Amino acid sequence: MKPKQVIGMTDLIDFPDLGLFEVQAKVDTGAFTSSLHCKNVRLVRAGERTRLSFWLIGKTGEPARRFYSDQYSQRMIRNSFGVAEKRYVIKTCVVLFGRRIRAEFTLADRERLKNPVLLGRKLLRNRFLVDVSQKNLSYQAKAPLVQHTSHSTTYSHNAVSTGTADPE
């Protein structure tokens with residue numbers, strides 16, 4: 001078993017498969033499943049198959065981008081107020097401390113919340129210890145790597161594990 005990495009209460013994380021980088025995330029040990037902010041989540045028919053369509057919001061000023069996924073599920077999730085609601089769930093990769101982690105994310109409208117991403121216990125378990133007095137530890141560990149190399153890591157935005165971005 002690998003030693004556990006200390007993570008702070010918040011961090012800036014990357015979603016390379018979705019083309020989202022340095023997204024503000026809150027670590028929430030009270031949440032079981034992680035959550036990702038998006039809009040207009042719905043099922044759409046494409047010929048014989050049904051796909052999940054959702055719009056991901058980038059950083060302020062960036063346009064939202066539409067994604068499709070053939071691999072999704074739906075389950076009941078208790079929100080922070082204790083109310084059960086049905087949400088769609090996708091699997092995608094996040095990068096924390098240089099580690100690429102495949103995790104489940106519920107798709108939710110988090111517009112009124114400060115952080116567009118919530119990292120829950122399922123992602124944290126057996127990987128991280130939470131120090132609530134710290135923040136952005138993964139991002140700070142990444143910064144020296146970027147400064148010391150002439151080429152930062154480039155991820156392909158074309159192959160999205162959860163689906164494909166709409167070409168529009």
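Up top you'll find the structure we're talking about.
The model shown is predicted, which means the values in this text are computed figures rather than measured ones.

**As for the overall build of the chain**
- Scanning the chain from N- to C-terminus turns up 2 helices and 12 strands.
- Starting at the N terminus and walking to the C terminus, you meet the elements of the chain as β-β-β-β-β-β-β-β-β-β-α-β-α-β.
- Expressed as a percentage of its 168 residues, the buried residues of the chain come to 40%.
- Restricting the contact set of the chain to residue pairs at least 6 apart, pairs at least 24 apart contribute 60%.
- Approximately 10,100 Å² of the chain is accessible, and the part contributed by carbon and sulfur atoms is 50%.

**Quick notes on unusual backbone geometry**
- For Asn 40, which is not glycine, the phi dihedral falls at a positive 50°.
- One can find Asn 40 in strand S4 (residues 34–46).
- Relative accessible area serves as the criterion here: at 43%, Asn 40 is assigned to the partly exposed category.
- Phi is positive for Asn 126, close to 65°, though the residue is something other than glycine.
- Assignment of secondary structure puts Asn 126 in the loop between helix H1 (121–124) and strand S11 (128–131).

**Concerning the pairing of strand S3 (residues 20–27)**
- Bridge analysis of strand S2 (residues 10–15) against S3 gives 5 bridges, and the strand direction is antiparallel. Its bridge partner being in S3, Phe 15 is matched across the sheet by Leu 20.
- Hairpin geometry of S2 and S3 is characterised by an intervening segment of 4 residues between the two adjacent antiparallel strands and by a positive phi of about 70° at Gly 19.
- Here 3 bridges tie S3 to strand S10 (residues 117–119), and the two strands are oriented parallel to one another. Residue pairing across strands places Ala 25 opposite Val 117, the latter belonging to S10.

**Things to note about the environment of Arg 125**
- Looking at where Arg 125 falls in the secondary structure, it is placed in the loop between H1 and S11.
- Spatially, the C-alpha atoms of Arg 125 and Lys 4 are 9.2 Å apart, while their sequence positions differ by 121 residues.

**Observations regarding the side chain of Arg 87**
- Within the element layout of this structure, Arg 87 appears in strand S8 (residues 84–96).
- Those residues in contact with Arg 87 that sit more than four places away from it in its chain are Ser 35, Ser 73, Gln 74, Arg 75, Ile 77, Asn 79, Thr 106, Leu 107 and Ala 108.

**Considering the packing of aromatic side chains**
- Enumeration over the complete set of coordinates arrives at 4 aromatic pairs.
- Here Tyr 72 and Tyr 88 contribute two aromatic rings whose centre-to-centre distance is 6.0 Å and whose plane-to-plane angle is 75°, an arrangement assigned as edge-to-face. Separated by 16 residues along the polypeptide, Tyr 72 in the loop between strand S6 (65–69) and strand S7 (73–78) and Tyr 88 in strand S8 bring together distant segments of the chain.
- Overall, Tyr 72 belongs to the partly exposed group, its relative accessible area being 28%.
- Take Tyr 88: its relative accessible area is 16%, and that puts it in the buried class.
- Above the face of the Phe 128 ring, Arg 99 is positioned so that its terminal group lies 5.7 Å from the ring centre.

Reading the values: rules and limits
- Residues numbered from 1 in each chain as written.
- Predicted model: local features only at pLDDT ≥ 70, side-chain atom pairs only at ≥ 80, totals over all residues.
- Heavy atoms only, no water.
- Helix = DSSP H or I, 4+ residues; strand = E, 2+ residues; numbered from the N terminus.
- Buried < 20%, exposed > 50% of the residue type's maximum accessible area, 1.4 Å probe, protein only.
- Contact = heavy atoms within 4.5 Å.
- Areas by Shrake-Rupley, 256 points an atom, 1.4 Å probe, with all protein chains shown as cover.
- Pairing = 2+ DSSP bridges.
- Phe/Tyr/Trp six-rings, centres within 6.5 Å; stacked < 30°, edge-to-face > 60°.
- Lys NZ or Arg CZ within 6 Å of the ring centre and 35° of its normal.

Interpretation note: all reported values are geometric properties and have no functional meaning in isolation.
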